[in-house]
Amino acid sequence: MFPRGPEGTCAGMHCFERKVTSEAMTTKAALDKILTALDATQTLEGLQSIIESICKVFAIDHAMYHWVDSAGDHYYFGTYSEAWTQQYQEKNYTRIDPVVIGCYQRFHPVDWRRLDWSTKPAREFFDAAMEHGVGNQGYSIPIRGPNGQFALFSVSHHCDDAAWDKFCDQNSRDLILIGHYFNRKALEFEPDRAPEQAQPLSPRELDALTLLGIGYSRAQVAKTLSISEHTLRVYIESARFKLGALNTTHAIARAVSCGMVII
Amino acid sequence: MLRYIYARDLNTQADLAHSMFVDRADQFQTRLGWEVHVDSRGEERDQYDALNPLYVIWEMPDGRHGGSMRFLPTTGPVMVNDVFDNLTGGNPICSPLIWECTRFCLSREAGGNVAGALTLAGLEIMRNLSIPHFAGVFDRRMVRIYRSLGFSPEIIKSAGVGRDRISLGLWEYDAQAYQRVAQRAQITPEMSQLWFDRSFGSATREAPMRLTA
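1. Concerning the interface of chain B and chain A
The interface is formed by 43 residues belonging to chain B together with 37 residues belonging to chain A. Taken together, the two surfaces of chain B and chain A that pack against each other cover about 3,500 Å², and 60% of this comes from carbon and sulfur. Here chain B is connected to chain A by 4 salt bridges. When the shortest N-O distance is used, the salt bridge between B:D9 and A:R106 registers 3.1 Å. Residue assignment for the side of chain B that touches chain A shows that the elements contributing at least two residues are strand 3 (65–73), strand 4 (98–106), helix 4 (114–129), strand 6 (154–159), strand 7 (166–172) and helix 7 (189–200) of chain B. Ranked by the residues each element gives to the side of chain B that touches chain A, the list is headed by helix 7 of chain B, at 4 residues. Residues of the side of chain B that touches chain A, tallied by class, amount to 26 nonpolar, 11 polar and 6 charged.

2. Focus on the domain arrangement of chain A
Residues and elements named next belong to chain A. According to the domain assignment, chain A contains domain 1 (10–25 + 198–263) and domain 2 (41–187). Taking only C-alpha atoms, the centre of domain 1 and the centre of domain 2 are 31 Å apart. Taken residue by residue, the interface counts 6 residues in domain 1 and 6 residues in domain 2. Buried area between domain 1 and domain 2, both sides added, is near 550 Å², and the carbon and sulfur share of it is 65%. On the domain 1 side of the contact with domain 2, F241, G244 and L246 bury the most area, a combined 81% of that side's loss. Joining domain 1 to domain 2, the criterion identifies 4 residue pairs in polar contact (both at pLDDT 80 or more). The class makeup of the residues in the side of domain 1 that touches domain 2 is 3 nonpolar, 1 polar and 2 charged.

3. Details of the layout of surface pockets
All names here are of chain B. Reported here for the second largest pocket is a volume of approximately 910 Å³. Lining the second largest pocket are 36 residues, and of these W34, V137, F138, D139 and R141 sit closest to its centre. Of all elements in the fold, only helix 1 (14–31), strand 3, strand 4, helix 4, strand 5 (133–139), helix 5 (140–149) and strand 7 reach the threshold of two or more residues within the lining of the second largest pocket. Looking at side-chain class alone, the lining of the second largest pocket contains 21 nonpolar, 6 polar and 9 charged residues.

4. Some details on helix 7 of chain B
Residues and elements named next belong to chain B. Taking 1.5 Å of rise per residue, 12 residues should cover 16 Å, and helix 7 covers 16 Å from first to last C-alpha, within 8% of that figure. Turning to helix 7, its buried residues number three or more, namely S192, Q193, W195, F196, D197 and F200. Lining the buried residues of helix 7 we find strand 1 (2–6), strand 2 (54–59), helix 4 and helix 6 (175–185). Directly beyond the C-terminal end of helix 7, a positive phi value near 85° is found at G201.

5. Looking at helix 10 (residues 229–243) of chain A
Residues and elements named next belong to chain A. End to end, helix 10 covers 21 Å across 15 residues, agreeing with the expected 21 Å (1.5 Å per residue, within 8%). Extensive coverage of helix 10 is indicated by the burial of 12 of its 15 residues. In the segment just after helix 10, G244 is the residue with positive phi, at about 70°.

Procedures and definitions
- Residues numbered from 1 in each chain as written.
- Chains lettered and ligands numbered in written order.
- Predicted model: local features only at pLDDT ≥ 70, side-chain atom pairs only at ≥ 80, totals over all residues.
- Heavy atoms only, no water.
- Contact = heavy atoms within 4.5 Å.
- Buried area = accessible area lost by both parts, 1.4 Å probe.
- Salt bridge = Lys/Arg side-chain N within 4 Å of Asp/Glu carboxyl O.
- Helix = DSSP H or I, 4+ residues; strand = E, 2+ residues; numbered from the N terminus.
- Nonpolar A, V, L, I, M, F, W, Y, C, P; charged D, E, K, R; others polar.
- Domains from an automatic or database assignment.
- Polar contact = N/O pair within 3.5 Å; in protein donor to acceptor, adjacent residues only side chain to side chain.
- 1 Å grid on protein atoms, 1.4 Å probe; cavity = no way out; pocket = protein on both sides within 12 Å on 5 of 7 lines; lining within 4 Å.
- Points joined across faces, edges and corners; volume = space filled by probe spheres on them.
- Expected span 1.5 Å × (residues − 1).
- Buried < 20%, exposed > 50% of the residue type's maximum accessible area, 1.4 Å probe, protein only.

In structure tokens form, the structure reads like this:
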């Protein structure tokens, strides 16, 4: 299912993978695996298979990523049926889809229930979507890229409100991060795009991850670096996003596997 | 009442928007003496207002601005990274889970609980939209104000001395703070949620989506 990770994964990486499993966070471990696979993806087909594995790990019916580039061209990866994506394009549903209307020129994540489905075209659109197996619930993350790029990362599922509340409560933050990581990867495939330098970790971020990696507590790391634990938290948060990781353990593992951190 | 409005939708609220930018000129130029740009209409705007930020605005009964603040995600251009690198130590803050809050402003005519209401709005965003952190730069006088409102940031770093001392702070969502701020602002969580839902739509009402049943 997963493309192989980068070569040269060192012993430190395995050590962290064991740690994650021992915390019995199977979902977290599976997510970390998806992100590692995402990072290694070199092809558009690879992105499609990542989308499919996201559904599996979150146990949801659908996930999709829709990207409008600076030239106005659309790209789509997702698990909706061929018939539905075709109908969506043919009927030019972006004009009436409340998800697109509600997310365009916004940056906050959107629970589909908050959108305006009350107009007749929106209701008809919704009925058509349901006929094609799109879930009655959804959660979308608008992403603003450079040069007017706009992307939408969505998940969708069939369930009642209580179940969806619980799902969002547990997963929204991870989904927000995954959406942004997916977008970052997708941008690499934009034609004529100069390859973007991976954002390097700052010396302080490297120090923080290295010390955490060798088992220091946050308090010990802060003391060693003569910074407050609050400052440390910001370093970890920004390092995590640069590394495309969902949590600190995964961030350390990523830094180790990229050779940025030696432990 | 509290309104949550993206910049691109401000044109539908001309009076509210104009009075906000005028009150910002009054606060930041006239009262605080900051070097901000005020245009011929008396409005204070900067380049971040052109990036379609999200404003939280306290609307007074007469429809005018009583107080406001401005949010942008730190994944794009934000003041803390562009202007205050002495406070970030050269480590830009960049995460979709951290939004920057700037231009916290109160009208001279604002009632006593407007600052509290705005603080509650910040927590409402965090709670409803899964944004665990805000970052912001503020001067010394704000430290006491945040404390009295019931929602203090963790100070990441400070620079300067005396009146010119400024700090970079990080706010973290906390359910207790939400209750505390609501109580001090004398706004019930139910009312606050209702205002939020009027701007963002409701996730709990009988949604038309379920008419399919």
